[in-house]
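This is what each chain is made of:
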Amino acid sequence: MTLSAATLADNIRFGLRTAREVIETTLHTLETHDQAYGCVTRLLADRALRAAGLIDARIANGEPVGPLVGVPFGVKDLFDMEGIVTTAGSTVLKKNPPAVRDAAVVRRLVAAGAIPVATLNMDEFAYGFATENSHYGTTRNPRDTERLAGGSSGGSAAAVAAGMLPVTLGSDTNGSIRVPAALCGVWGLRPTQGRLPLEGIYPFAASFDTIGPFAGNSTDLKLAFEAMDGKAGGEEPDVGALRVARLGGWFERDLAPGLIDGIDRIMGFLSSTKTVGLPEVARARAAAFIITASEGGNLHLPRLRHQAPEYDPATRDRLMAGALLPASPIIQAHRLRNWFREHLHEVFRETDILIAPATVGPAPRIDQPTITVGGEAVSARANLGLFTQPLTLAGFPILAAPIAPGAEPVAELPLGVQIIAAPGQEQALFTLGAALEHAGLLGYPVRGAAGQGEN
Amino acid sequence: MAGIRSDDDDKERAAVLEMARDVAVLARQVDLVIPDDCLPGVIFNIETLRGYVALVDGLVLPDDCEPAFGYVP
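What counts and what doesn't
Residues numbered from 1 in each chain as written. Chains lettered and ligands numbered in written order. Predicted model: local features only at pLDDT ≥ 70, side-chain atom pairs only at ≥ 80, totals over all residues. Heavy atoms only, no water. Helix = DSSP H or I, 4+ residues; strand = E, 2+ residues; numbered from the N terminus. Rg over C-alpha atoms; globule rule 2.2 N^0.38 Å. Buried < 20%, exposed > 50% of the residue type's maximum accessible area, 1.4 Å probe, protein only. Areas by Shrake-Rupley, 256 points an atom, 1.4 Å probe, with all protein chains shown as cover. Lys, Arg positive; Asp, Glu negative; His and termini not counted. Charge placed at Lys NZ, Arg CZ, Asp CG, Glu CD. Contact = heavy atoms within 4.5 Å. Polar contact = N/O pair within 3.5 Å; in protein donor to acceptor, adjacent residues only side chain to side chain. Buried area = accessible area lost by both parts, 1.4 Å probe. Salt bridge = Lys/Arg side-chain N within 4 Å of Asp/Glu carboxyl O. Nonpolar A, V, L, I, M, F, W, Y, C, P; charged D, E, K, R; others polar. Core = buried A, V, L, I, M, F, W, Y, C linked by side-chain atoms within 4.5 Å. Phe/Tyr/Trp six-rings, centres within 6.5 Å; stacked < 30°, edge-to-face > 60°. Expected span 1.5 Å × (residues − 1). Bend = angle between axes of the 7 residues up to and from the residue. Axes fitted to C-alpha atoms, helices over the stretch in contact; angles between N-to-C directions. Parallel < 35°, antiparallel > 145°, perpendicular 65-115°, else oblique. Left-handed = near helix turned anticlockwise from the far one by under 90°. Pairing = 2+ DSSP bridges. Right-handed = clockwise from strand over helix to strand, strands pointing away. Disulfide = S-S within 2.5 Å.

Draft legend 1. Focus on the overall build of chain B. Secondary structure assignment for chain B yields two helices and zero strands. For 73 residues, the compact-globule formula gives about 11 Å, and the C-alpha radius of gyration of chain B, at 18 Å, lies well above that figure. If you line up chain B on its principal axes, its C-alpha atoms span 65 × 30 × 20 Å. Counting only residues that meet the buried cut, chain B has 32% of its 73 residues in that class. Within the structure as shown, chain B displays about 5,300 Å² of accessible surface, and the carbon and sulfur contribution to it stands at 56%. The averaged location of the 15 negative side-chain charges in chain B is 11 Å from the averaged location of its 6 positive side-chain charges.

Draft legend 2. Layout of the overall build of chain A. The secondary structure content of chain A amounts to 14 helices and 19 strands. Relative to the globule expectation of 23 Å for 455 residues, the C-alpha radius of gyration of chain A, 21 Å, shows essentially globular dimensions. Over its C-alpha atoms, taken along the principal directions, chain A stretches across nearly 60 × 60 × 40 Å. Looking at the 455 residues of chain A, the share that counts as buried comes to 62%. Taking as baseline every contact in chain A between residues at least 6 positions apart, the subset at least 24 positions apart corresponds to 77%. Surface exposure of chain A reaches about 15,300 Å², of which carbon and sulfur atoms provide 52%.

Draft legend 3. Inspection of the side chain of D172 of chain A at higher detail. Residue and element names in this part refer to chain A. With respect to the secondary-structure elements, D172 resides in strand β8 (residues 167-172). A polar contact of 3.2 Å, which involves the side chain of D172, links it to the backbone nitrogen of I177. D172 has contacts with I177, R178, R190, F208, D209, T210 and T392, leaving out every residue within four places of it along the chain.

Draft legend 4. Inspection of the interface of chain A and chain B at higher detail. At the interface, 39 residues of chain A touch 34 residues of chain B. Counting the surface lost from both chain A and chain B, the interface buries some 3,200 Å², and carbon and sulfur atoms represent 69% of this. Summed over the three residues of chain A that lose the most area to chain B, namely R283, L324 and R335 of chain A, the buried surface amounts to 22% of that side. Linking chain A to chain B there are zero salt bridges. When contributions to the side of chain A that touches chain B are tallied by element, the ones reaching two or more residues are α9 (281-307), α10 (313-323) and α11 (327-350) of chain A. Across the side of chain A that touches chain B, the residue classes break down as 21 nonpolar, eight polar and ten charged.

Draft legend 5. Quick look at the nonpolar core. Counting 173 residues, the largest nonpolar core has F79, I353 and I419 of chain A together with I34 of chain B as its most contacted members. Apart from residues lying up to four places away in sequence, F79 of chain A is in contact with T86, A103, V105, V106, L169, G170, G200, I201 and I211 of chain A.

Draft legend 6. Just the packing of aromatic side chains, in detail. Taken as a whole and assessed by the stated rule, the structure comprises seven aromatic pairs over all chains. On the basis of an interplanar angle of 10 degrees and a centroid distance of 4.1 Å, the ring pair of F289 of chain A and Y52 of chain B is categorised as stacked. Taken as a pair, F289 of chain A in helix α9 and Y52 of chain B in helix α2 (residues 39-57) lie in two separate chains rather than in one. For Y52 of chain B, a relative accessible area of 13% gives the class buried. Summarising the aromatic geometry, the rings of F348 of chain A and F396 of chain A are spaced 5.6 Å apart at their centres and angled 45 degrees between planes, so their arrangement reads as tilted. With F348 of chain A in helix α11 and F396 of chain A in the loop between α13 (389-392) and β16 (398-402), the pair connects residues that are 48 residues apart, well separated along the chain. Just as F348 of chain A is buried, F396 of chain A falls in that class too. An aromatic cluster is built from F125, Y202 and Y311 of chain A, whose rings are joined through pairwise contacts.

Draft legend 7. Quick look at helix α7 (residues 218-229) of chain A. Residues and elements named next belong to chain A. Here α7 contains twelve residues, and its C-alpha end-to-end distance of 16 Å stays within 8% of the 16 Å for a straight helix at 1.5 Å per residue. In terms of burial, α7 is largely enclosed, as nine of its twelve residues are buried. Of the residues making up α7, those classed as buried are S218, D220, L221, A224, F225, E226, A227, M228 and D229. The opening residue of α7, the one whose side-chain oxygen lies 3.0 Å from the backbone nitrogen of T219, is N217.

Draft legend 8. Seen up close, α9 of chain A. All names here are of chain A. With 27 residues, α9 should reach 39 Å at 1.5 Å per residue; the first-to-last C-alpha distance of 36 Å fits that figure. Of all bends in α9, the biggest is about 55 degrees, found at L301, and the proline P302 comes one to four residues later. Burial within α9 is extensive, with 20 of its 27 residues counted as buried.

Draft legend 9. Local environment of the packing of α9 of chain A against α11 of chain A. Residue and element names in this part refer to chain A. Closest axis-to-axis distance for the α9/α11 pair is 9 Å, and the angle between their directions is 135 degrees. Put simply, α9 runs oblique to α11. Between α9 and α11 lies a crossing whose hand is left-handed. From α9, R283, A284, A287, I290, I291, S294 and E295 reach across to α11, where they touch P329, I330, A333, H334, L336 and F340.

Draft legend 10. Summary view of the pairing of strand β11 (residues 244-247) of chain A. Residue and element names in this part refer to chain A. In β11, alternate side chains face the same way, and those of V244 and R246 on one face and A245 and L247 on the other are all buried. Judged from the two bridges that link them, β11 and strand β12 (residues 275-276) form a sheet pairing that is parallel. Within the sheet, the bridge partner assigned to L247 lies in β12 and is V276. Since β11 and β12 lie parallel, the crossover through helix α8 (residues 257-269) that links them has a hand, and here it is right-handed.

Draft legend 11. A look at the state of the cysteines. One pass over the full model with this rule turns up zero disulfides over all chains. Free of any disulfide, C39 of chain A has its nearest neighbouring cysteine sulfur in C184 of chain A, separated by 7.8 Å.

Draft legend 12. Molecular detail of the sheet that holds β16 of chain A. Residues and elements named next belong to chain A. Strands sit in the order β1-β3-β2-β8-β10-β9-β16-β17-β13-β11-β12 across an open sheet of eleven strands; the sheet is mixed. This sheet does not close on itself; its edge strands, each paired only once, are β1 (40-43) and β12. Alignment of strand β2 (residues 72-76) against β8, held across three bridges, turns out to be parallel. Residue pairing in the sheet places V75 in a bridge with L169 of β8. Along the sheet face, helix α5 (residues 154-161) touches β2, β3 (115-120), β8 and β10 (210-215) and points at about 150 degrees away from the line of β8.

Here you go:
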């Protein structure tokens, strides 16, 4: 699988390939190549082949087909898929009944012609930034399999980076789309809080839970998002008229040189020298931690009372600690959230787009899962969200995009940026992302399943 | 071989036991029993969260700043 979603759909629509050929090739690729990465938890072969046959019949009959016709996609293992148990990356839920129907956004993608082919690995219950899962294994970064893919939607990001799937779905509570997208060098979107329906999604922290797509380029990401959103994007803004600023202060600390250079180049291209600071970012991140821990702890408390040994020990201990938080700091964190949102809205009165790094640097090694913050080595699992968590608090839409590599991409690991817009302004993110991709400033070659760079 | 316990060791042990008692009290309030083998990890995470609680409590907010329960970005 090396073609983009848009090209694949065109090929199938115009009869250059059948959907069945595409799905058979995709399933074969996943079966033969995923052993190196550990992205896939379950293949949906029977269902996918049945769907491909129906699509080929529709095309043969001259019936209309959707914009993603025949495009294979995978879902993080917390999206309901009809007929199978939603695991949320755990074995704790294994006795739950199978889902009676697909999650709402999966139904929308299927209506657009896309075909689900696999469920994908994640941190247990989405609580982590590493996709180190004691039940289903560690997902390895296709750019360097000795390194973490990031998480919690690591299987989704890595499957795209490896060239095994053109589109995948993930969830983002504190950065679980943006962090793995950055570390794997693919595109991801955390949409505006509340924009996409969460029906059929296993929750984590309801205050922050969002879902979104991953893809290998901005066009595919937009196609997937529009299908998930159930409507085409709005009017495209004039990129030259967008008021762009970079986030300073907290978001300038501990950065890898490639990130500083990449953001400098983006700002230069957009002719902007403006830097803005957000107030109390450390406290905003702390509020996100507290709300997440308490809501996750509350969600799992009934099971923690009786099934604690079945959890991944690291997840279990964090959830238990969260369940013990008293009410006052949780309420204070929610008040701080409102306060922080007002400040961000104030920034957007003078600005249309903010640019910030997604992580401090490239993917950490699996055997040394730490990152450097303030000169100290700290746990990657807990701290890779240093730049994503504070922004989570506000709920604004955020595009995660890979900085384009230099002349020798093989030698460089991916680095990613966050591009933030006002609520509901996803279209501005796609327009700007596409312009920067066209200018050669964003975008990282997706690996061919056989190892060659493509896309 | 018997070791020699210092005053520091005794203080550390007392602090851990006190923390364990605190955690047990908190856990009882939500009808949760923390198994012994989970206790070190839970205590570590509670200590981490205490740091974050201190940060959010350290910001004085206006009285009319409401919690974001019905949140719209």
